[in-house]
Amino acid sequence: MRMLAAEDRSELLVGAFEHGTGARPTVLAQAPGRVNLMGEHTDYNAGLVLPVALPHRTRVAARAREDGRVTVQSLQRDGGFAGTLADCGPGGPDGWTGYAVGVLWTLSRAGVPVPGIDLVVDSTVPVGAGLSSSAALECAVGAAVLGLLERPVRGGDADLLVEAAVAAEREVVGAPTGGMDQAVAVRATADHALLIDFSDDTRCQVPLHLEQRGLTLLVTDTRVSHALVEGGYGDRRTDCEEAARRLGVPTLRGATRAAVDDLHGERLRRRARHVVTEIDRVSGTVAALATDDREALARANADSHVSMRDDFEISCPELDAAVDAAVEAGALGARMTGGGFGGSSVAWVRTDLVAEVAQAVDRRFEREGFAAPQHLVATPSGGAGWERLEG
Ligand code: ADP
Ligand code: MG
(Lines give C-alpha, C1' and ligand atoms only; values in the text may rest on other atoms or scores of the structure.)
(Ligands and ions follow the chains in the order given, each with its own letter.)
Protein backbone atom coordinates (compact mmCIF):
# COMPACT_ATOMS: atom_id res chain seq x y z
CA MET A 1 0.00 0.00 0.00
CA ARG A 2 1.34 3.41 -0.94
CA MET A 3 0.48 6.10 1.62
CA LEU A 4 1.73 9.55 0.61
CA ALA A 5 3.23 11.38 3.59
CA ALA A 6 2.92 15.13 4.10
CA GLU A 7 6.57 15.48 5.01
CA ASP A 8 8.25 18.85 5.47
CA ARG A 9 11.02 19.03 2.87
CA SER A 10 11.93 22.67 3.57
CA GLU A 11 15.61 21.87 4.13
CA LEU A 12 15.85 20.07 0.82
CA LEU A 13 14.16 23.03 -0.86
CA VAL A 14 16.48 25.59 0.72
CA GLY A 15 19.46 23.48 -0.39
CA ALA A 16 18.10 23.29 -3.93
CA PHE A 17 17.58 27.06 -3.96
CA GLU A 18 21.16 27.68 -2.84
CA HIS A 19 22.47 25.24 -5.41
CA GLY A 20 20.34 26.73 -8.20
CA THR A 21 20.81 30.44 -7.50
CA GLY A 22 24.01 30.68 -5.45
CA ALA A 23 22.30 32.52 -2.56
CA ARG A 24 20.16 31.71 0.44
CA PRO A 25 16.41 32.29 0.16
CA THR A 26 15.04 34.96 2.48
CA VAL A 27 11.42 33.77 2.51
CA LEU A 28 9.80 30.35 2.64
CA ALA A 29 6.15 30.38 1.60
CA GLN A 30 3.60 27.59 1.33
CA ALA A 31 0.05 26.78 0.31
CA PRO A 32 -1.90 23.52 0.65
CA GLY A 33 -3.65 21.21 -1.79
CA ARG A 34 -7.29 20.54 -1.02
CA VAL A 35 -9.93 17.85 -1.03
CA ASN A 36 -13.55 18.82 -1.50
CA LEU A 37 -15.93 16.99 0.86
CA MET A 38 -19.12 17.97 -0.96
CA GLY A 39 -20.22 20.27 -3.78
CA GLU A 40 -18.65 19.31 -7.09
CA HIS A 41 -19.09 21.60 -10.13
CA THR A 42 -21.20 23.89 -7.97
CA ASP A 43 -18.77 26.83 -7.64
CA TYR A 44 -19.37 28.14 -11.16
CA ASN A 45 -23.11 27.66 -10.66
CA ALA A 46 -23.13 30.15 -7.76
CA GLY A 47 -23.56 27.21 -5.37
CA LEU A 48 -21.97 25.84 -2.21
CA VAL A 49 -18.72 23.91 -1.69
CA LEU A 50 -17.11 22.32 1.37
CA PRO A 51 -13.37 21.79 0.85
CA VAL A 52 -10.63 21.12 3.42
CA ALA A 53 -6.94 21.96 3.01
CA LEU A 54 -4.53 19.02 2.93
CA PRO A 55 -1.46 18.76 5.13
CA HIS A 56 0.32 18.18 1.79
CA ARG A 57 1.54 21.47 0.46
CA THR A 58 3.57 23.34 -2.10
CA ARG A 59 6.52 25.25 -0.72
CA VAL A 60 8.34 28.07 -2.43
CA ALA A 61 11.77 29.43 -1.49
CA ALA A 62 12.21 33.02 -2.61
CA ARG A 63 14.69 35.87 -2.70
CA ALA A 64 14.31 39.34 -4.21
CA ARG A 65 16.62 40.36 -7.05
CA GLU A 66 17.98 43.84 -7.71
CA ASP A 67 17.77 43.62 -11.50
CA GLY A 68 14.00 43.13 -11.82
CA ARG A 69 14.39 39.72 -13.47
CA VAL A 70 12.32 36.64 -12.60
CA THR A 71 13.51 33.03 -12.41
CA VAL A 72 11.36 30.02 -11.50
CA GLN A 73 12.35 26.39 -11.05
CA SER A 74 10.53 23.35 -9.69
CA LEU A 75 11.88 20.18 -8.12
CA GLN A 76 8.93 18.39 -9.76
CA ARG A 77 9.45 19.60 -13.32
CA ASP A 78 12.20 20.14 -15.85
CA GLY A 79 12.61 23.48 -17.52
CA GLY A 80 11.79 26.74 -15.86
CA PHE A 81 11.43 30.41 -16.49
CA ALA A 82 14.01 33.18 -16.77
CA GLY A 83 12.86 36.55 -18.01
CA THR A 84 10.85 39.53 -16.88
CA LEU A 85 7.15 40.14 -16.26
CA ALA A 86 7.05 41.77 -19.69
CA ASP A 87 7.37 38.20 -21.05
CA CYS A 88 4.09 37.28 -19.33
CA GLY A 89 0.51 37.95 -20.32
CA PRO A 90 -2.71 36.26 -21.40
CA GLY A 91 -1.78 32.83 -22.74
CA GLY A 92 1.86 32.72 -21.62
CA PRO A 93 4.34 31.59 -20.61
CA ASP A 94 2.82 28.20 -21.42
CA GLY A 95 3.50 25.01 -19.50
CA TRP A 96 3.83 24.81 -15.74
CA THR A 97 5.64 28.13 -15.32
CA GLY A 98 2.46 29.93 -16.43
CA TYR A 99 0.91 29.17 -13.01
CA ALA A 100 3.86 30.71 -11.16
CA VAL A 101 4.85 33.64 -13.36
CA GLY A 102 1.14 34.27 -14.02
CA VAL A 103 0.57 35.09 -10.35
CA LEU A 104 3.48 37.54 -10.32
CA TRP A 105 1.89 39.19 -13.34
CA THR A 106 -1.66 39.35 -11.93
CA LEU A 107 -0.39 40.60 -8.55
CA SER A 108 1.62 43.29 -10.31
CA ARG A 109 -1.45 44.24 -12.38
CA ALA A 110 -3.40 44.56 -9.12
CA GLY A 111 -0.91 47.16 -7.92
CA VAL A 112 1.39 45.00 -5.77
CA PRO A 113 5.03 46.16 -6.16
CA VAL A 114 6.33 42.73 -7.23
CA PRO A 115 10.14 42.80 -7.09
CA GLY A 116 12.56 40.91 -9.29
CA ILE A 117 12.61 37.46 -7.76
CA ASP A 118 14.20 34.00 -7.73
CA LEU A 119 11.74 31.20 -6.93
CA VAL A 120 12.23 27.47 -6.37
CA VAL A 121 9.17 25.24 -5.90
CA ASP A 122 8.75 21.88 -4.15
CA SER A 123 5.46 20.10 -3.53
CA THR A 124 4.09 17.09 -1.70
CA VAL A 125 0.69 17.57 -3.36
CA PRO A 126 0.32 14.94 -6.07
CA VAL A 127 0.27 16.85 -9.37
CA GLY A 128 -2.78 16.45 -11.60
CA ALA A 129 -4.61 14.21 -9.09
CA GLY A 130 -7.62 16.46 -8.61
CA LEU A 131 -6.16 17.71 -5.32
CA SER A 132 -5.38 21.17 -6.66
CA SER A 133 -1.64 21.26 -6.99
CA SER A 134 -2.25 24.14 -9.41
CA ALA A 135 -3.85 26.45 -6.84
CA ALA A 136 -1.26 25.35 -4.25
CA LEU A 137 1.46 26.47 -6.67
CA GLU A 138 -0.23 29.78 -7.49
CA CYS A 139 -0.99 30.64 -3.87
CA ALA A 140 2.45 29.61 -2.58
CA VAL A 141 4.12 31.84 -5.17
CA GLY A 142 1.78 34.72 -4.33
CA ALA A 143 2.42 34.21 -0.60
CA ALA A 144 6.19 34.35 -1.31
CA VAL A 145 5.74 37.78 -2.92
CA LEU A 146 3.73 38.99 0.07
CA GLY A 147 6.50 37.59 2.30
CA LEU A 148 9.20 39.57 0.50
CA LEU A 149 7.05 42.67 1.04
CA GLU A 150 6.50 41.75 4.73
CA ARG A 151 2.74 41.65 4.20
CA PRO A 152 0.93 38.87 6.16
CA VAL A 153 -1.61 36.71 4.27
CA ARG A 154 -4.62 38.27 6.00
CA GLY A 155 -7.54 40.57 5.33
CA GLY A 156 -7.30 42.53 2.10
CA ASP A 157 -4.05 40.84 1.11
CA ALA A 158 -5.69 37.40 1.45
CA ASP A 159 -8.48 38.60 -0.89
CA LEU A 160 -5.88 39.97 -3.28
CA LEU A 161 -3.99 36.67 -3.29
CA VAL A 162 -7.12 34.60 -4.03
CA GLU A 163 -8.09 36.91 -6.89
CA ALA A 164 -4.60 37.01 -8.38
CA ALA A 165 -4.33 33.20 -8.26
CA VAL A 166 -7.73 32.73 -9.93
CA ALA A 167 -6.88 35.33 -12.58
CA ALA A 168 -3.50 33.69 -13.30
CA GLU A 169 -5.10 30.29 -13.87
CA ARG A 170 -7.89 31.72 -16.01
CA GLU A 171 -5.99 34.28 -18.04
CA VAL A 172 -2.39 33.12 -18.22
CA VAL A 173 -2.86 29.32 -18.10
CA GLY A 174 -6.25 29.48 -19.81
CA ALA A 175 -7.98 26.97 -17.49
CA PRO A 176 -11.61 27.80 -16.61
CA THR A 177 -11.22 27.41 -12.83
CA GLY A 178 -14.28 28.04 -10.67
CA GLY A 179 -12.47 29.67 -7.73
CA MET A 180 -12.93 27.09 -4.96
CA ASP A 181 -9.34 25.83 -5.06
CA GLN A 182 -7.64 29.18 -4.57
CA ALA A 183 -10.13 30.25 -1.89
CA VAL A 184 -9.46 27.22 0.29
CA ALA A 185 -5.69 27.25 -0.37
CA VAL A 186 -5.59 30.73 1.17
CA ARG A 187 -8.42 30.75 3.73
CA ALA A 188 -8.44 27.25 5.23
CA THR A 189 -8.15 26.74 9.00
CA ALA A 190 -6.81 23.59 10.67
CA ASP A 191 -9.47 21.10 11.83
CA HIS A 192 -12.14 22.86 9.76
CA ALA A 193 -13.77 22.61 6.37
CA LEU A 194 -14.46 25.86 4.55
CA LEU A 195 -18.07 26.36 3.51
CA ILE A 196 -18.17 28.84 0.64
CA ASP A 197 -21.32 30.26 -0.91
CA PHE A 198 -20.43 31.42 -4.41
CA SER A 199 -23.68 33.37 -4.80
CA ASP A 200 -22.36 36.10 -2.50
CA ASP A 201 -18.84 34.84 -1.64
CA THR A 202 -19.72 34.40 2.04
CA ARG A 203 -17.62 31.89 3.94
CA CYS A 204 -17.92 29.92 7.13
CA GLN A 205 -15.40 27.70 8.95
CA VAL A 206 -17.09 24.37 9.73
CA PRO A 207 -15.52 22.45 12.65
CA LEU A 208 -14.95 18.78 11.82
CA HIS A 209 -13.86 17.34 15.20
CA LEU A 210 -12.41 14.34 13.37
CA GLU A 211 -10.20 13.28 16.25
CA GLN A 212 -13.01 13.31 18.82
CA ARG A 213 -15.20 11.45 16.36
CA GLY A 214 -12.53 8.84 15.69
CA LEU A 215 -12.80 9.54 11.97
CA THR A 216 -10.16 10.03 9.28
CA LEU A 217 -10.51 11.43 5.77
CA LEU A 218 -8.82 8.95 3.47
CA VAL A 219 -8.06 10.22 -0.04
CA THR A 220 -7.30 7.78 -2.85
CA ASP A 221 -5.51 9.11 -5.91
CA THR A 222 -6.49 6.73 -8.72
CA ARG A 223 -3.47 7.99 -10.70
CA VAL A 224 -5.54 8.10 -13.84
CA SER A 225 -6.39 11.15 -15.84
CA HIS A 226 -8.64 10.50 -18.79
CA ALA A 227 -7.04 12.87 -21.27
CA LEU A 228 -9.56 11.85 -23.94
CA VAL A 229 -12.18 13.91 -22.16
CA GLU A 230 -9.92 16.96 -21.84
CA GLY A 231 -12.82 19.22 -22.79
CA GLY A 232 -15.12 17.60 -20.20
CA TYR A 233 -14.96 20.41 -17.68
CA GLY A 234 -15.76 23.09 -20.24
CA ASP A 235 -18.58 20.96 -21.72
CA ARG A 236 -20.19 20.63 -18.28
CA ARG A 237 -19.99 24.38 -17.76
CA THR A 238 -21.61 24.98 -21.13
CA ASP A 239 -24.40 22.49 -20.29
CA CYS A 240 -25.04 24.24 -16.97
CA GLU A 241 -25.18 27.66 -18.62
CA GLU A 242 -27.60 26.37 -21.28
CA ALA A 243 -29.80 24.70 -18.64
CA ALA A 244 -29.92 27.95 -16.64
CA ARG A 245 -30.79 29.89 -19.79
CA ARG A 246 -33.68 27.53 -20.59
CA LEU A 247 -34.90 27.76 -17.01
CA GLY A 248 -34.77 31.54 -17.15
CA VAL A 249 -32.41 31.90 -14.17
CA PRO A 250 -29.01 33.63 -14.09
CA THR A 251 -27.33 30.51 -12.66
CA LEU A 252 -28.53 27.06 -11.60
CA ARG A 253 -28.40 28.26 -7.99
CA GLY A 254 -31.67 29.99 -8.76
CA ALA A 255 -33.38 26.85 -10.13
CA THR A 256 -35.86 24.77 -8.13
CA ARG A 257 -35.89 20.99 -8.24
CA ALA A 258 -39.43 21.03 -9.65
CA ALA A 259 -38.42 23.34 -12.51
CA VAL A 260 -35.38 21.18 -13.24
CA ASP A 261 -37.51 18.03 -13.39
CA ASP A 262 -39.65 19.72 -16.07
CA LEU A 263 -36.65 20.88 -18.09
CA HIS A 264 -36.80 19.94 -21.73
CA GLY A 265 -33.82 17.89 -22.94
CA GLU A 266 -32.74 14.76 -21.12
CA ARG A 267 -29.02 15.53 -20.83
CA LEU A 268 -29.46 19.10 -19.63
CA ARG A 269 -32.07 17.89 -17.14
CA ARG A 270 -29.58 15.44 -15.63
CA ARG A 271 -26.78 18.03 -15.54
CA ALA A 272 -29.02 20.55 -13.76
CA ARG A 273 -30.35 17.88 -11.40
CA HIS A 274 -26.81 17.09 -10.29
CA VAL A 275 -26.11 20.75 -9.53
CA VAL A 276 -29.29 21.50 -7.57
CA THR A 277 -29.18 18.25 -5.58
CA GLU A 278 -25.43 18.61 -4.95
CA ILE A 279 -25.93 22.11 -3.51
CA ASP A 280 -28.56 20.65 -1.15
CA ARG A 281 -26.13 17.92 -0.16
CA VAL A 282 -23.58 20.54 0.92
CA SER A 283 -26.10 22.07 3.34
CA GLY A 284 -27.13 18.55 4.36
CA THR A 285 -23.52 17.61 5.08
CA VAL A 286 -22.95 20.71 7.21
CA ALA A 287 -26.12 19.92 9.17
CA ALA A 288 -25.13 16.26 9.55
CA LEU A 289 -21.72 17.30 10.91
CA ALA A 290 -23.32 19.66 13.42
CA THR A 291 -25.53 16.91 14.84
CA ASP A 292 -23.08 14.03 14.23
CA ASP A 293 -25.73 12.34 12.09
CA ARG A 294 -23.54 9.69 10.49
CA GLU A 295 -26.36 8.10 8.56
CA ALA A 296 -27.14 11.40 6.83
CA LEU A 297 -23.43 11.92 6.14
CA ALA A 298 -23.18 8.45 4.59
CA ARG A 299 -26.29 8.99 2.47
CA ALA A 300 -25.10 12.37 1.19
CA ASN A 301 -21.80 10.81 0.09
CA ALA A 302 -23.49 7.88 -1.63
CA ASP A 303 -26.04 10.11 -3.39
CA SER A 304 -23.34 12.55 -4.44
CA HIS A 305 -21.26 9.85 -6.08
CA VAL A 306 -24.23 8.39 -7.95
CA SER A 307 -25.22 11.89 -9.09
CA MET A 308 -21.73 12.56 -10.45
CA ARG A 309 -21.56 9.14 -12.06
CA ASP A 310 -24.99 9.01 -13.68
CA ASP A 311 -26.32 12.58 -13.97
CA PHE A 312 -23.18 14.65 -14.43
CA GLU A 313 -21.15 11.79 -15.99
CA ILE A 314 -17.75 12.81 -14.62
CA SER A 315 -16.75 9.56 -12.90
CA CYS A 316 -14.76 6.68 -14.39
CA PRO A 317 -14.32 2.96 -13.60
CA GLU A 318 -11.33 3.61 -11.33
CA LEU A 319 -13.20 6.18 -9.21
CA ASP A 320 -16.29 3.95 -9.04
CA ALA A 321 -14.09 1.05 -7.89
CA ALA A 322 -12.30 3.14 -5.24
CA VAL A 323 -15.61 4.37 -3.79
CA ASP A 324 -17.30 0.98 -3.89
CA ALA A 325 -14.35 -0.88 -2.36
CA ALA A 326 -13.96 1.71 0.42
CA VAL A 327 -17.62 1.47 1.45
CA GLU A 328 -17.58 -2.31 1.21
CA ALA A 329 -14.52 -2.37 3.51
CA GLY A 330 -16.33 -0.32 6.15
CA ALA A 331 -15.93 3.35 5.20
CA LEU A 332 -18.79 5.44 6.53
CA GLY A 333 -19.18 7.15 3.18
CA ALA A 334 -17.16 7.81 0.05
CA ARG A 335 -17.40 9.75 -3.20
CA MET A 336 -15.27 10.93 -6.05
CA THR A 337 -13.95 14.43 -5.49
CA GLY A 338 -12.64 17.21 -7.71
CA GLY A 339 -13.44 17.92 -11.34
CA GLY A 340 -13.68 14.27 -12.33
CA PHE A 341 -12.57 12.15 -15.33
CA GLY A 342 -9.95 10.55 -13.09
CA GLY A 343 -8.27 12.06 -10.06
CA SER A 344 -9.21 11.18 -6.51
CA SER A 345 -11.91 9.90 -4.20
CA VAL A 346 -12.45 10.75 -0.54
CA ALA A 347 -13.76 8.43 2.16
CA TRP A 348 -14.85 9.05 5.77
CA VAL A 349 -13.24 6.14 7.61
CA ARG A 350 -13.11 5.08 11.25
CA THR A 351 -9.51 5.80 12.17
CA ASP A 352 -8.82 2.22 13.22
CA LEU A 353 -9.95 0.99 9.80
CA VAL A 354 -7.85 3.27 7.58
CA ALA A 355 -5.17 0.72 6.62
CA GLU A 356 -7.79 -1.96 6.05
CA VAL A 357 -9.86 0.27 3.76
CA ALA A 358 -6.81 1.40 1.77
CA GLN A 359 -5.72 -2.21 1.34
CA ALA A 360 -9.19 -3.19 0.19
CA VAL A 361 -9.08 -0.49 -2.48
CA ASP A 362 -5.63 -1.72 -3.58
CA ARG A 363 -6.93 -5.30 -3.87
CA ARG A 364 -9.91 -4.14 -5.91
CA PHE A 365 -7.66 -2.20 -8.29
CA GLU A 366 -5.43 -5.22 -8.72
CA ARG A 367 -8.40 -7.45 -9.43
CA GLU A 368 -9.76 -5.01 -11.99
CA GLY A 369 -6.37 -4.72 -13.68
CA PHE A 370 -5.97 -1.02 -12.79
CA ALA A 371 -2.57 0.48 -11.95
CA ALA A 372 -1.96 0.69 -8.18
CA PRO A 373 -3.50 3.81 -6.59
CA GLN A 374 -1.89 5.89 -3.86
CA HIS A 375 -3.55 7.08 -0.68
CA LEU A 376 -3.15 9.97 1.69
CA VAL A 377 -4.64 11.00 5.00
CA ALA A 378 -6.29 14.40 4.67
CA THR A 379 -5.80 15.92 8.12
CA PRO A 380 -7.63 19.27 7.73
CA SER A 381 -4.91 21.93 7.69
CA GLY A 382 -4.41 25.67 7.49
CA GLY A 383 -4.03 27.92 4.44
CA ALA A 384 -1.20 29.76 2.72
CA GLY A 385 1.50 31.64 4.64
CA TRP A 386 5.16 32.60 4.71
CA GLU A 387 8.06 32.82 7.11
CA ARG A 388 11.31 34.78 7.01
CA LEU A 389 14.50 32.75 6.89
CA GLU A 390 17.43 33.95 8.93
CA GLY A 391 20.87 34.66 7.47
P1 ADP B 1 -4.44 19.61 -10.08
O2 ADP B 1 -4.59 21.06 -9.73
O3 ADP B 1 -5.66 18.83 -9.77
O4 ADP B 1 -3.23 18.98 -9.51
P5 ADP B 1 -4.16 20.77 -12.70
O6 ADP B 1 -4.14 20.18 -14.06
O7 ADP B 1 -5.14 21.83 -12.39
O8 ADP B 1 -4.29 19.55 -11.67
O9 ADP B 1 -2.74 21.37 -12.35
C10 ADP B 1 -1.58 20.59 -12.55
C11 ADP B 1 -0.51 21.43 -13.23
O12 ADP B 1 -0.02 22.43 -12.31
C13 ADP B 1 0.71 20.65 -13.63
O14 ADP B 1 0.53 20.05 -14.90
C15 ADP B 1 1.78 21.71 -13.63
O16 ADP B 1 1.72 22.46 -14.82
C17 ADP B 1 1.36 22.62 -12.49
N18 ADP B 1 2.02 22.25 -11.23
C19 ADP B 1 1.43 21.92 -10.06
N20 ADP B 1 2.34 21.68 -9.08
C21 ADP B 1 3.55 21.85 -9.65
C22 ADP B 1 4.89 21.77 -9.16
N23 ADP B 1 5.18 21.41 -7.90
N24 ADP B 1 5.91 22.05 -10.03
C25 ADP B 1 5.64 22.40 -11.30
N26 ADP B 1 4.40 22.50 -11.81
C27 ADP B 1 3.36 22.23 -11.01
MG1 MG C 1 -5.99 22.44 -10.60
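- If you check an unreviewed UniProt entry, the protein chain appears there as Galactokinase from Nocardioides marinus.
- UniProt lists a comment for the protein chain under the heading Sequence similarities (unreviewed entry), and it reads "Belongs to the GHMP kinase family. GalK subfamily."

1. Describing the sheet that holds strand β8 (residues 202–207)
Pairing between sheet strands relies on hydrogen bonds along the backbone, with the strands arranged either parallel or antiparallel.
Piece 1. Across the sheet, 3 strands lie side by side as β2-β7-β8; this open sheet has antiparallel pairing. With partners counted over all chains shown, the strands left at the sheet margins are β2 (48–49) and β8, one partner each.
Piece 2. Across 6 bridges, strand β7 (residues 192–197) lies against β8 in antiparallel orientation. Each residue of the ladder has a partner; that of Ala193, found in β8, is Val206.

2. Comments concerning the domain arrangement of the protein chain
Accessible area lost when the parts come together is the quantity often used to give the size of an interface.
Piece 1. Each domain of the protein chain was delimited in the assignment, giving domain 1 (10–206 + 380–388) and domain 2 (208–377).
Piece 2. Contacts between the two partners involve 29 residues from domain 1 and, on the opposite side, 34 residues from domain 2.
Piece 3. Going through the elements one at a time, β1 (27–36), β2 and β7 are the ones with two or more residues in the side of domain 1 that touches domain 2.
Piece 4. Ranked by the residues each element gives to the side of domain 1 that touches domain 2, the list is headed by β7, at 3 residues.

3. Looking at the environment of Gly343
Piece 1. In this fold, Gly343 is placed in strand β11 (residues 342–350).
Piece 2. On the basis of neighbour counts, which here come to 26 C-beta atoms within 10 Å, the residue Gly343 falls in the buried class.
Piece 3. Taking the C-alpha atoms as reference, Gly343 lies 4.4 Å from Ala129; in sequence the two are 214 residues apart.
Piece 4. The contact partners of Gly343, leaving out residues within four places of it in the chain, are Ala129, Gly130, Thr222, Ser225 and Gly338.

4. Comments concerning the environment of Gln73
Piece 1. As for its position among the elements, Gln73 is in strand β4 (residues 70–74).
Piece 2. In this structure, the C-alpha to C-alpha distance between Gln73 and Ala334, residues 261 residues apart in sequence, is 37 Å.
Piece 3. Apart from the residues lying within four places of it in its own chain, the contact partners of Gln73 are Gly20, Gly80, Val120 and Val121.

What counts, and at which threshold
- Residues numbered from 1 in each chain as written.
- Chains lettered and ligands numbered in written order.
- Predicted model: local features only at pLDDT ≥ 70, side-chain atom pairs only at ≥ 80, totals over all residues.
- UniProt positions renumbered as here; feature names shortened; annotations may be inferred.
- Pairing = 2+ DSSP bridges.
- Helix = DSSP H or I, 4+ residues; strand = E, 2+ residues; numbered from the N terminus.
- Domains from an automatic or database assignment.
- Contact = placed C-beta atoms within 7 Å.
- Buried ≥ 20, exposed ≤ 12 C-beta atoms within 10 Å, placed from the backbone.

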